[in-house]
Amino acid sequence: MSAPAIAVVGLSDAGKSTWLGALCDTMETHIESRPVRIEMDGVPALFHELRGLRDALNVGNYPPHTAIVHHADLQYPLRCTNAKGIERFVLDVSDYSGERISRLYRRADSHVWDDGWKERAGRTRLAVLLRADDIRRLSRRGLEPAAPRKGLAHVIPTEHQPDISEAERHPPTALALIEALQAMRAWRRVGMGAQLEVGAERVAILLTAWDKISVETRNRGPSAFLDQGAPLLAAWLRSNFRAKDLRVYGLSATGGDLSDQTHAKRVREVGVAAAGYVEHGDPMQRIHDVSVPLEWLLFGKHLSDP
Amino acid sequence: MRWPCRREGCTFGDSGVCGRAAEFTDPETECDDYLASQPPDAIAPPAQLATFPSWSGNALGPDFAGRMDLANPPLRVLVAGQPLSGKTSLVTAQFLDLDRTPSTSLPAQFAGSYTLYGYDRLCDAAFRWKEGAGADMPHTGRGAERDPAWLHLAFKFPESHKVRHLLLSDMPGELFNDWCGDKDGLDPSLIVPINVFWVVVDASRAKEKLQRSAARDLLGRVGEVAGSRRVEVILTKSDQVVRMSKSTKPESVLDAVADLVGQLRHAWTGTVPLQFTPLASYDGTNKKAGWRTLEPIRHLLEPTPKAPLHRSEPVSDRYVDFMGMGR
């Protein structure tokens, strides 16, 4: 039986690269007291890109956007080690790049239900990232200037690059994510609004840049934030997934803004693994381990919880 | 002779007399024409679809809308109205409100849509629109690819876990002008599967004789074909009525609207009670989102009264009540 796979889904600039870099540092930072560990499960060369992201963060910089998610077929073999044994799984960050989701949403003729989407639709464990401080609503369409190309754009395959003519038209966050997720379910022939048996599919919503949200809003919890910030997406998720199979996390992969020199200096000193955190639950708790959502996606619970 | 039954002598919709009484002991359960006129029940969504419902994201054409019937029959709404009456603005504002506010105001929760990109394009156009710039929302023009087009929404009921699919038409108003002039101006095959009629009337033009006449004509056509199907008159641009009523001669503005409602009720030849719903897709006075835009959708999601609907029921004038004008 093949290892389960977790797919990472998010639009451009959702914070995927930053999370993956922090995740890499977490996996390589040995803390003996941690009862559950997500670790790399292969030779170091397999994780070259992740280490590049981690290195950028640990010198106090954000990774260049598009640095990783546009490479073809990036699937990382990982394992979760805990008191009961080892669970091997694959982290798939390749076929759900932001541009591909945008293309799927816009239905550019050459990208309708391409083979990648069909193949990867089998993923039943999804980490969905969206920036808490930049949820694009319908009314914001067309007002945003085209983002300058940066990072490793010159090595990105053409099919993954944004359409120039559409570059200024970022799709609304909720609509694009709903379209991608309902497309994946449709490929598995799951009816719209159907909820499968508990554990048959799980979705972790990761609200990135969580530290940029006001304390008062954060204290109401990530789920409440999603209800207010992306009501349509929240409603869709609740209609299509069982409550036990849906978890919303606030994620600050770097624990603060790296453009703040004070915080960047701290990250350089302690490492991004120690700075980053997730918040979840009611009452809300903060955990300085950005791999926690993967643990939940695998087991449907946090093994380290009492 | 009224739809749904095509037989001479059938007045089931009016008086409960079935034209095929010799064949049926209970037309409500045995008459295919009658059953076809009833809204489909919401059903539990299938965990496993028979086929992959490949969709484009844009408004649906008749082929796809037909295929949806296989899995879970949609409730089809014909959004009828004269050109510039506010049909497209209405369906756009409804989606904007779904995206803007938690859907706790509705009895069911948003569960998906096959036309998200189509809605997005409408919303994008609405956002670019500036009040007073003329032309209102981009006009849904004639064209092979848009004629007819359907916008899709799915809602899930939290208690029963059943899903209701809605298909809202987005058609050019000129088609309804044609229909008023010629009863065959609309393809009958389009009318037959309709479950609910929304007749969209621009309330801000209630004083215009031509407008009132056109609204009566359209409602007359709907009355000819509606049978026992639900009909809702949606009074759009009511924010402008409010604004006008606060400026000059308020009584004349409000009287005009009340008069229009009265005329429409009087002209109504259908068999079901008319429902009047005033709303504003955009509140121009306060430069913000409109109000009551989701009311017609709420009505679609609430339990549907089953026929026979020939009994006479008093029609509440919701517009008048809402506007606080009294009777």
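Up top is the structure.
Definitions and cut-offs
- Residues numbered from 1 in each chain as written.
- Chains lettered and ligands numbered in written order.
- Predicted model: local features only at pLDDT ≥ 70, side-chain atom pairs only at ≥ 80, totals over all residues.
- Heavy atoms only, no water.
- Contact = heavy atoms within 4.5 Å.
- Buried area = accessible area lost by both parts, 1.4 Å probe.
- Salt bridge = Lys/Arg side-chain N within 4 Å of Asp/Glu carboxyl O.
- Polar contact = N/O pair within 3.5 Å; in protein donor to acceptor, adjacent residues only side chain to side chain.
- Core = buried A, V, L, I, M, F, W, Y, C linked by side-chain atoms within 4.5 Å.
- Buried < 20%, exposed > 50% of the residue type's maximum accessible area, 1.4 Å probe, protein only.
- Helix = DSSP H or I, 4+ residues; strand = E, 2+ residues; numbered from the N terminus.
- Phe/Tyr/Trp six-rings, centres within 6.5 Å; stacked < 30°, edge-to-face > 60°.
- Lys NZ or Arg CZ within 6 Å of the ring centre and 35° of its normal.
- Pairing = 2+ DSSP bridges.
- Axes fitted to C-alpha atoms, helices over the stretch in contact; angles between N-to-C directions.

Draft legend 1. Main features of the interface of chain A and chain B. The interface of chain A with chain B comprises 38 residues on the first partner and 40 residues on the second. Buried area between chain A and chain B, both sides added, is near 3,300 Å², and the carbon and sulfur share of it is 59%. Among the residues chain A hides against chain B, the three largest losses belong to Leu138, Arg189 and Met192 of chain A. Together they make up 23% of the total. The tally of links between chain A and chain B comes to one salt bridge. One salt bridge in this structure joins Asp99 of chain B and Arg137 of chain A, with 3.6 Å as the shortest N-O distance. At the boundary of chain A and chain B, one finds seven residue pairs in polar contact (both at pLDDT 80 or more).

Draft legend 2. Layout of the nonpolar core. Grouped together as the largest cluster of nonpolar side chains are 67 residues, with contacts concentrated most on Ile205, Leu226 and Leu237 of chain A together with Phe95 and Trp198 of chain B. Looking at this core, the element that brings in the most residues is helix H5 (residues 173–187) of chain A, giving seven residues. Beyond its immediate stretch of four places on either side in the chain, Ile205 of chain A contacts Val128, Leu130, Leu226, Leu237, Leu246, Arg247, Val248 and Tyr249 of chain A. Counting residues in hydrophobic clusters, the runner-up holds 47 residues, among them Leu219, Val222, Val272 and Leu274 of chain B.

Draft legend 3. Region of the structure containing the packing of aromatic side chains. All names here are of chain A. Considering all chains together, one arrives at four aromatic pairs over all chains under this definition. Centroid distance Trp210 to Phe225: 5.5 Å. Interplanar angle 85°. Geometry classified as edge-to-face. With Trp210 in the loop between strand S6 (202–208) and helix H6 (215–219) and Phe225 in helix H7 (residues 222–229), this residue pair connects regions lying 15 residues apart in the sequence. Residue classification places Trp210 among the buried positions, given a relative accessible area of 0%. Over the face of the ring belonging to Phe241 we find Arg185, whose NZ or CZ atom lies 4.8 Å from the ring centre. It is Arg286 that lies over the ring of Tyr277; its NZ or CZ is 3.7 Å from the centre.

Draft legend 4. Local environment of the environment of Arg298 of chain B. Residues and elements named next belong to chain B. Looking at where Arg298 falls in the secondary structure, it is placed in helix H11 (residues 295–301). Judged by its relative accessible area of 23%, Arg298 is partly exposed. Beyond its immediate chain neighbours, meaning those up to four positions away, Arg298 contacts Ser105, Leu106 and Pro107. A distance of 3.0 Å separates a polar atom in the side chain of Arg298 from a polar atom in the side chain of Glu295.

Draft legend 5. Layout of the sheet that holds strand S1 (residues 5–10) of chain A. All names here are of chain A. Spatially, S2-S3-S4-S1-S5-S6-S7-S8-S9 is the arrangement adopted by the nine strands of the open sheet, whose pairing is mixed. Strands with a single pairing partner mark the edges of an open sheet, and in this sheet they are strand S2 (37–40) and strand S9 (285–287). The sheet shows a mean angle of 30° between the axes of neighbouring strands, direction not considered. As judged from the seven bridges shared by strand S5 (residues 125–131) and S6, these two strands associate in the parallel manner. Residue pairing across strands places Leu130 opposite Leu207, the latter belonging to S6. Lying over the sheet, H7 contacts S5, S6, strand S7 (246–252) and strand S8 (277–280), oriented at roughly 95° with respect to S7.

Draft legend 6. Region of the structure containing unusual backbone geometry. Look at the link from Asp282 of chain A to Pro283 of chain A: it is a cis peptide, with omega at 5°. Locating Pro283 of chain A in the fold gives a position in the loop between S8 and S9. A positive phi is found at Lys237 of chain B, a non-glycine position, where the angle reads about 60°. Here Lys237 of chain B lies in the loop between strand S6 (230–236) and helix H9 (238–245).

Draft legend 7. Up close: the pattern of salt bridges. Residue and element names in this part refer to chain A. Going through the model one piece at a time under the given rule, you end up with 25 salt bridges over all chains. Measuring nitrogen to oxygen at the nearest pair gives 2.5 Å for the salt bridge that ties Glu28 to Arg54. Taken together, the residues Glu28 in helix H1 (residues 16–28) and Arg54 in helix H2 (residues 48–58) connect sequence positions 26 residues apart. Looking at Glu28, the relative accessible area reads 25%, which means it is partly exposed. Asp133 is the partner of Lys212 in a salt bridge, and the nearest nitrogen-oxygen pair spans 3.9 Å. Residue Lys212 is located in the loop between S6 and H6, and its partner Asp133 is located in the loop between S5 and H5; the two are separated by 79 residues in the primary sequence.

Draft legend 8. Structural context of the environment of Thr262 of chain A. Looking at the element boundaries, Thr262 of chain A is found in helix H9 (residues 261–270). Note: C-alpha distance between Thr262 of chain A and Ser239 of chain A (23 residues apart in sequence) is 43 Å.

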